[in-house]
Amino acid sequence: MTTLAASKRPAAVSSEELLNPCWAEVTDLREEIDSTFTVWLKFKDPALQKGYAFEPGQFNMLYLPGYGEAAISICSDPEKRDAIGHTVRAVGNVTRAIGRMKKGDEIGLRGPFGTHWPIEQLEGRDILLAAGGIGLPPLRPAVYHILHNRAKYGKVILLYGARSPSDLLYTNEFEAWRKSDIDVQVTVDRADDTWKGQVGVVPLLFYRFRLDPAKTAVMTCGPEIMIRFVVFEALARRIPADRIYVSLERNMKCGQGFCGHCQLGPFFVCKDGPVFPYSVIEPYFGVEEF
Amino acid sequence: MADIPLSVGTTVALPKDQLDPLLSRLRDKGYRTIGPRIRDDAVVYEPIEGLADLPRGLTSVQEAGRYRIVASGNQRYFDITPGAQSWKQFFFPPRVSLLEFQKNGGWKKHSATESAPRLALVGVRPCELAAIEIQDRAFLREDFTDPIYRDRRKNAFLVAVNCLHPCGTCFCASMGTGPKASGGFDLCLTELDEVFLVEIGTDAGLEMLKGLPLKAADKADVQKAEAGLASAKERMGRTLEIGDLPDLLLKNLEHPEWQAVAARCMSCSSCTLVCPTCFCWDTQDRTSLDGAHTERQRVWDSCFNPGYSHQAGGNTRPTTRSRYRQWLTHKFGSWKEQYGVLGCVGCGRCITWCPVKIDVTEEIAALRKEEVRS
Ligand SMILES: Cc1cc2nc3c(=O)[nH]c(=O)nc-3n(C[C@H](O)[C@H](O)[C@H](O)COP(=O)(O)OP(=O)(O)OC[C@H]3O[C@@H](n4cnc5c(N)ncnc54)[C@H](O)[C@@H]3O)c2cc1C
Ligand code: SF4
Ligand code: SF4
Ligand code: FES
């Protein structure tokens, strides 16, 4: 059973550095949709900012003294090196406090952590990205990577769904993505008066395409129930389980596989994931409450 | 006496009263000497000066949900079997400061980690040595080491004691971790009525013995020790068949026994706190009332705590059934894939200290009995 290779972290990073948050400052904070915002961070130490690199699908631990720490995916372009973007939904202690921050405020940041979408290994393939709700931010760096290297990929389809039209993220970018030949398909669970698009859950969008199982790779992130159905639809189209990649969410405290919180069977989602080939987690993923 | 050849791997005899000078030497070298003492009718691991502090002539009777200190019927110092505490508290402290933050304009970070104490742990059982080695695998990985654990661990001096007196919940023989220590100590004692036999495990151990009035190990004494250990192996209160682990557990994730045990389990987390191998922890921020000072701490956590698996998407393990299953399948199952060994050393603590007498050896037997292969 092999998980994806862990991050490309510079070998010089010590255990202490992996555990200690370093100060970053907010360069911009903007609401995306109701109670969800994108915060841009830049290390106060320019050398740290310069040395910081991540792969699509990795996450950071964001820390506010007195509030605590939360795992947040990096949502920005890996080639954009002057600031690091995070789209955050305010659901609890840390995320609400981050939402109240202003430009120039300080936050502790450590990362990047975890495995990444194996996007470079998938050159030459058709790519199907399937995201639900707040599952799109961790996939967006992969979209940017594809945009920068569009000729290296075959058909690229993004399936994206949210509860309602006002819950859709990044809608102002979809036109640019479509222009670069990414087939962006959007659906909502519940339409409103303004909505002219598709209604229904993400897995239903599979019925609009013929996928070539020999060529296609799937990457999916979103609520676990959505991931389950996306995997089901992909397997039904004979896409092999080791070419379906899923990103999982668990309670995380350390990000280094030694606090125990994020376990899924033998795996620590923080270091063996969050991105897994489905074939690896298959024996455990279907087990309720495991 | 000075001509006794000393080398790593050899066994010599140490007169009992010479444990005191050995401990004071350790203290002279800067070690804090910690060993078993009796407090509140139970054995605890606390600072000791010498023989006078040890639980002489005492042992414990242990059964599921039951622990009593009783007279052992002899005058040995180390016949007491493990209590609720384990040595993990010294390398993996229950509560430890990670960082401190002071607000003055912005936030300033101070390192809060005290320099690691030098600890000499005296009276470490073979099962407990094995537990330390298991925690080493969790905290001292090739790709990552926990600095707090690393510093405390590398400073430590370990005096093991072979186990001649297992109790009712012990099953180290089944787990292959005891009753005789096979390594991982600086010195290892086997306590006979008249003398300690001392096996030298490391150069540091050898160094500590030099100049003490040692004797060559008497052949009869060595035989006595061996016979005692062989008999201890036969007197384990529990046994556990491990040949089919971890498969048995990981292939029975939907077994009806999980529901049955969940009906009794109170999700109290005692088993994980007393377990010498459980390594889970949480972080907590302690903030002053004016909000200007925050101390970030690391505290023991347990997979039985409701908040343990909570995140925005909901609770991964909302039921006692799922939490007990996590505990057992981790210890006796997925641990093997994570660290190459099972996560249990057979110390019996989780059985003794379970308020409703849940017994891991019985639970595993129950899974085997009505095995439902999925
Ligand atoms: C790899 C990874 C990537 C992630 N990426 C993102 C991202 O890009 N954007 C994003 O917004 N989120 C992301 N998350 C999720 C984020 O880490 C969680 O939402 C995190 O819990 C937020 O922390 P918080 O302190 O704000 O909320 P918490 O205080 O943890 O609260 C979260 C929810 O759990 C409930 N809760 C927490 N503890 C308990 C308890 N003990 N008992 C009962 N209920 C409880 C709260 O009421 C709330 O509903 C990611 C998570 C992971 C693991
Ligand atoms: S699981 Fe129980 S018997 Fe095994 S090491 Fe932990 S406390 Fe001891
Ligand atoms: S059994 Fe539970 S508390 Fe113990 S290490 Fe495993 S997950 Fe952590
Ligand atoms: S977050 Fe600590 S083990 Fe994964």
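Just above sits the structure.
Residues numbered from 1 in each chain as written. Chains lettered and ligands numbered in written order. Predicted model: local features only at pLDDT ≥ 70, side-chain atom pairs only at ≥ 80, totals over all residues. Heavy atoms only, no water.

Caption draft 1: Expanded view of the overall build of chain B. Along its length, chain B carries 13 helices and 16 strands. Since a compact globule built from 374 residues should have a radius of gyration of about 21 Å, the 22 Å found for chain B is in line with a globular shape. The C-alpha extent of chain B, read off along each of the three principal axes, is 70 × 65 × 40 Å. Buried residues in chain B amount to 57% of all 374 residues. In chain B, the proportion of contacts linking residues at least 24 apart, taken out of those at least 6 apart, comes to 73%. Of the side chains in chain B, 48 bear a positive and 47 a negative charge, and the two mean positions are spaced by 3 Å. (Helix = DSSP H or I, 4+ residues; strand = E, 2+ residues; numbered from the N terminus. Rg over C-alpha atoms; globule rule 2.2 N^0.38 Å. Buried < 20%, exposed > 50% of the residue type's maximum accessible area, 1.4 Å probe, protein only. Contact = heavy atoms within 4.5 Å. Lys, Arg positive; Asp, Glu negative; His and termini not counted. Charge placed at Lys NZ, Arg CZ, Asp CG, Glu CD.)

Caption draft 2: Here's a closer look at the interface of chain A and chain B. In this assembly, 40 residues from chain A lie in contact with 47 residues from chain B. Interface of chain A and chain B: buried area, both sides summed, is about 3600 Å²; carbon and sulfur atoms make up 52% of it. When residues of chain A are sorted by the area they lose upon contact with chain B, F258(A), E289(A) and F290(A) head the list and together hold 20% of the total. The tally of links from chain A across to chain B stands at 3 salt bridges. Note that E16(A) is salt-bridged to R150(B), the shortest N-O span being 2.8 Å. (Buried area = accessible area lost by both parts, 1.4 Å probe. Salt bridge = Lys/Arg side-chain N within 4 Å of Asp/Glu carboxyl O.)

Caption draft 3: Local environment of the nonpolar core. Counting 108 residues, the largest nonpolar core has I281(A), Y324(B), W327(B), L328(B) and F332(B) as its most contacted members. Take this core: its biggest share by element is 8 residues, from helix α3 (residues 126-139) of chain B. Every residue in contact with W327(B), bar those within four places of it in the chain, is listed here: C271(B), T272(B), C275(B), C278(B), C303(B), F304(B), C350(B) and V360(B). Residues I33(A), C75(A), A162(A) and I182(A) belong to the second largest nonpolar core, which totals 34 residues. (Core = buried A, V, L, I, M, F, W, Y, C linked by side-chain atoms within 4.5 Å.)

Caption draft 4: Seen up close, the site of ligand 2. Residue and element names in this part refer to chain B. As a matter of local geometry, ligand 2 sits amid F171, C275, P276, W327, K331, C344, V345, G346, C347, G348, R349 and C350. Where the shell around ligand 2 is concerned, the elements lending two or more residues are α11 (320-339) and α12 (349-352). Residue composition of the shell around ligand 2, grouped by class: 8 nonpolar, 2 polar and 2 charged. (Near = heavy atom within 4 Å. Nonpolar A, V, L, I, M, F, W, Y, C, P; charged D, E, K, R; others polar.)

Caption draft 5: Spatial organisation of the site of ligand 1. A71(A), S73(A), T87(A), R89(A) and T95(A) are the nearest of the 21 residues found near ligand 1. At a separation of 2.6 Å, an oxygen atom of ligand 1 approaches a polar backbone atom of A71(A). Here a nitrogen atom of ligand 1 sits 3.1 Å away from a polar atom, N or O, in the side chain of H310(B). Burial of ligand 1 by the protein chains amounts to 71% of its free accessible area of 950 Å². (Polar contact = N/O pair within 3.5 Å; in protein donor to acceptor, adjacent residues only side chain to side chain. Areas by Shrake-Rupley, 256 points an atom, 1.4 Å probe, with all protein chains shown as cover.)

Caption draft 6: Representation of the side chain of S97(B) in the model. Residue and element names in this part refer to chain B. Within the secondary structure, S97 is located in strand β6 (residues 95-104). What makes S97 buried here is its relative accessible area of 14%. Among the polar contacts made by the side chain of S97, one reaches the side chain of E295 at a distance of 2.2 Å.

Caption draft 7: Structural view of the sheet that holds strand β13 (residues 281-287) of chain B. Residues and elements named next belong to chain B. Spatially, the 4 strands line up as an open sheet ordered β7-β6-β14-β13, and their pairing is antiparallel. This sheet does not close on itself; its edge strands, each paired only once, are β7 (106-111) and β13. Here the strands of the sheet are splayed against their neighbours by 25° on average, with no regard to which way each runs. As defined by bridge partners, β6 adjoins strand β14 (residues 293-300) across 7 bridges and the pair is classed as antiparallel. Looking at the pairing, R95 lines up with V299 of β14. (Pairing = 2+ DSSP bridges. Axes fitted to C-alpha atoms, helices over the stretch in contact; angles between N-to-C directions.)

Caption draft 8: How the structure looks around the sheet that holds strand β5 (residues 84-89) of chain A. All names here are of chain A. The 6 strands lie next to each other as β4-β3-β6-β1-β2-β5, forming an open sheet whose pairing is antiparallel. Of all strands in the sheet, those bounded by a partner on one side alone are β4 (68-73) and β5. Averaged over all pairs of adjacent strands, the angle between their axes in this sheet comes to 40°, without regard to strand direction.

Caption draft 9: Just the state of the cysteines, in detail. Residue and element names in this part refer to chain B. In total, this model carries 0 disulfides over all chains according to the counting rule given. Here C354 stays unpaired: no disulfide links it, and the sulfur of C268, its closest cysteine neighbor, is 6.3 Å away. Owing to a relative accessible area of 14%, C354 belongs among the buried residues under this scheme. (Disulfide = S-S within 2.5 Å.)

Caption draft 10: Looking closely at the pattern of salt bridges. Scanning all chains against the criterion turns up 41 salt bridges over all chains. For the salt bridge of R140(A) with E173(A), the shortest nitrogen-to-oxygen distance reads 2.5 Å. With a gap of 33 residues between them, R140(A) in helix α4 (residues 140-148) and E173(A) in the loop between β8 (156-162) and α5 (174-179) connect regions that are remote in the sequence. The pair R140(A) / E173(A) is uniform in exposure class, with both members buried. Put simply, R321(B) and E254(B) hold a salt bridge, and the shortest N to O gap is 3.0 Å. Taken together, the positions of R321(B) in helix α11 and E254(B) in the loop between α8 (247-250) and α9 (256-262) put the pair 67 residues apart, joining distant regions of the chain. Members of the salt-bridge network, linked through shared partners, are E16(A), R150(B), D151(B) and K154(B).

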